[in-house]
Structures are given as C-alpha cells and as structure tokens.
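If you want the building blocks of each chain, they are given just below.
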Amino acid sequence: MTDQRAEDARRRADEKDHLPTAKTAARSKAPLPQSVDVAIVGAGTGGLCAGAYLARAGLKVALFDSHYVAGGCATRFARGSSGERYQFDVGLHYVGDCGPGGITDRVLAPLDLGIDWLEMDPDGFDQLVFPDFTFRIPADVAVYRQRLLDLFPQERRGIDRYLRLVRELNSVGKTIYASDGKIGLPQLFHIVTKARLLAFNQHATAAKFLDSCTSNKQLRAVILGQHGDYGLPPSEVSALLHAGLANHYFGGAYYPRGGGQVLSDGMADAIEAAGGSIHLRTGIERILVEGGRAVGVRTEPRKGQQQDVRAKLVLSNADIKKTLLE
C-alpha cells in the first residue's frame, strides 16, 4: 500500500507539472521588465511563435496576456476527479500539412518543439452527413474530385472550375513562399499567366464564386461543408480563404499528441529558455506611440498598479480591431 500511495503521488505530481496551469503562478507574478527589444501583445499561437523565433535570434522578448494560460485557442482545460480526469481542447480541431516539408512542419521545425503529429484518416478526415448521402473528405485533391464526380456526374464543369481556383491558389502560395513572402514582378507574372481565375475572383465571396460554378445545392453544400472551420457563412467569407482552407487539408490532417496545449507549452518554454519572459494576467491597455511609431506598451490596472514597458518594436497578436481602434 505504501508503494502504491507513493506511485499515485508521483503520478499526480507529474500530471500537475503538465497541466495547462502548471506555470500560471510563475508567469503571473514575474516582475515586468523596464524595457525590451520586442513587446508582444497577446500570447496566442501567433505571438508565441513570433516570440520563440525572436528570442532564439538573441532579442529580449516579453509577451503580455490577460489570460491565465499561454496559448490562446491552442490550450486545454481539465474536468473530473483525480481518478477520472478528462482533458478538453479549447479550440484546436485538426492541423493541416504537418508532414515532412509541409508548411506547418517548415514553420515549427526550426523551433525544435518535438511535436508528435498523429495523422488522421487520409481517406476521410472529415465526414459530411446529409439526409440522403454521406461524403468523406480525403487528403488528396484527385480523390476528392473523383468522389464529387461520382456523386454529381452532371456537374463536371463546375467541379473543375472550383478545383481550378484551389489549384491556382496553391500554386501562387508556393511561388510567394519561395520568394520569402515578397510579391514582385516574377510573382505578378505568375499570377497573370497561370492564375487568372484567382486574380479575377480575389475579392469574391465563396457564395458569389460558386454562383459561377453550379446551382446544385447539394454540390454547393459539400464544397462548403468545412465552413465551420472559419465560422463565417458563404455569403461573407472570401472565396480565396475557403480555397486556402481546402488546400491546407489536402496536405493531410493531423492532431498533436497531447492536444493543442503541447504546441503552446513548447513555444512558451522555447521563449523562456532563450531568455524571454511571459506575463499572464497582464492585459495591455494601450500601445505607446511617440512621433508616429510604437515605443512600448502600458499594462492594464492590476491591484491599482500600471506599468509602461518600453520596446524597440511592438507586435500585436491581439484582435486587429482592438489593436487599431482601442
């Protein structure tokens, strides 16, 4: 019994060390720096990833977030007794293109996070269930096309028009990525000569673009079946955003072993290991601007205290409207 109690104690201690809140106290109480090279507003995945890269490059980095866990939507929470405790992801569902050489792999590999990506069923990582048929979305655009043709043989022209947009966006994305994000004459020439459908529909909504492809409601429902991933109706979402999402998962759908929290914890640990700091329960009231440029941040009042942190550069991982308007 003594050995069993000791083992249970070790297990509980190990679980506590890996809880999302394991470092909440330390990161909430960490003294704020007077000045840094880069102040980052928001410790979501974007802020953490940028912070990890900058800290590893030798810059003094500080992240500020009003939440009690770093990671934004890539966090989790636990419910239940110690004997039956369940972990819930806050926002992560699946991540696309995580295989070797995929965009997710290229972004995260330099950070050495050691993420174990589990591939979801490539023959049907998403399943759309309708009253009279079911459609499995594969991680292969050619298989996807054939399944659409099998269900809707009279809609070949519209299916191919939609997939032409998907392929053109993929091609342009690879061209721009190869140029380190720069859009110059070679990239513009590529768009004009090989991505004209994309160029003509760059401002179209998904609904408007599909109007030029098909009027078949069932086909439209299948094509738009993943719209829950971005949370907007077809009448509002950009056609290119939707096509980009489809492309992302044609590179495979994956889930990180341990849930979204492992991504956040890995990046947060990388920041601190490189000398950076993360300050939780520390919201930012405003970005300080002098002479037309950002020079630091001012924290929200906490226990009657506020502090200005000077910075050579300010990055905002917060909501864009809040950043610009507030």
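Refer to the structure above for everything that follows.
The following refers to the structure shown.

The rules behind these values
- Residues numbered from 1 in each chain as written.
- Predicted model: local features only at pLDDT ≥ 70, side-chain atom pairs only at ≥ 80, totals over all residues.
- Heavy atoms only, no water.
- Phe/Tyr/Trp six-rings, centres within 6.5 Å; stacked < 30°, edge-to-face > 60°.
- Helix = DSSP H or I, 4+ residues; strand = E, 2+ residues; numbered from the N terminus.
- Buried < 20%, exposed > 50% of the residue type's maximum accessible area, 1.4 Å probe, protein only.
- Arc of directions from axis to C-beta.
- Polar contact = N/O pair within 3.5 Å; in protein donor to acceptor, adjacent residues only side chain to side chain.
- Pairing = 2+ DSSP bridges.
- Axes fitted to C-alpha atoms, helices over the stretch in contact; angles between N-to-C directions.
- Contact = heavy atoms within 4.5 Å.

Here the structure, examined in full by the defined rule, presents eight aromatic pairs. Relative to phenylalanine 88, the ring of phenylalanine 77 has its centre 5.3 Å away and its plane inclined at 20°; by these criteria the two rings are stacked. One end of the pair, phenylalanine 77, is in strand β3 (residues 76-79); the other, phenylalanine 88, is in strand β4 (residues 86-89), and eleven residues separate them in sequence. A relative accessible area of 32% places phenylalanine 77 in the partly exposed class. When its relative accessible area of 38% is taken as the criterion, phenylalanine 88 is described as partly exposed. Ring geometry for tyrosine 94 and tyrosine 249: centres 4.4 Å apart, planes at 45°, overall tilted.

Think of an α-helix as 3.6 residues a turn; residues three or four steps apart then line up on the same face. All buried positions along helix α5 (residues 141-151) are accounted for by Tyr144, Leu148 and Leu149. All buried residues of α5 lie within an arc of 135° about the axis, which places them on one face of the element. The N-cap residue of α5 is aspartate 140: its side-chain oxygen and the backbone nitrogen of alanine 142 are 2.9 Å apart.

The strand order across the open sheet formed by six strands is β10-β2-β1-β13-β12-β11, and the pairing between neighbours is mixed. The strands lining the two open edges of the sheet, one partner per strand, are β10 (277-279) and β11 (284-290). Each neighbouring strand pair of the sheet contributes to a mean axis angle of 40°, computed without reference to strand direction. Note: strand β2 (residues 61-64) against β10, three bridges, orientation parallel. Residue phenylalanine 64 lies in a different strand from β10, and its bridge partner there is histidine 279. With respect to the sheet, helix α3 (residues 45-56) is in contact with β1 (35-41), β2, β10 and β13 (308-316), its orientation differing from that of β2 by roughly 165°.

Within the fold, cysteine 49 resides in helix α3. Assessed through its relative accessible area of 14%, cysteine 49 is described here as buried. Taking the C-alpha atoms as reference points, cysteine 49 and proline 100, separated by 51 residues in sequence, lie 19 Å from one another. Discounting residues that sit within four places of it in the chain, cysteine 49 has contacts with Val107, Leu111 and Met267.

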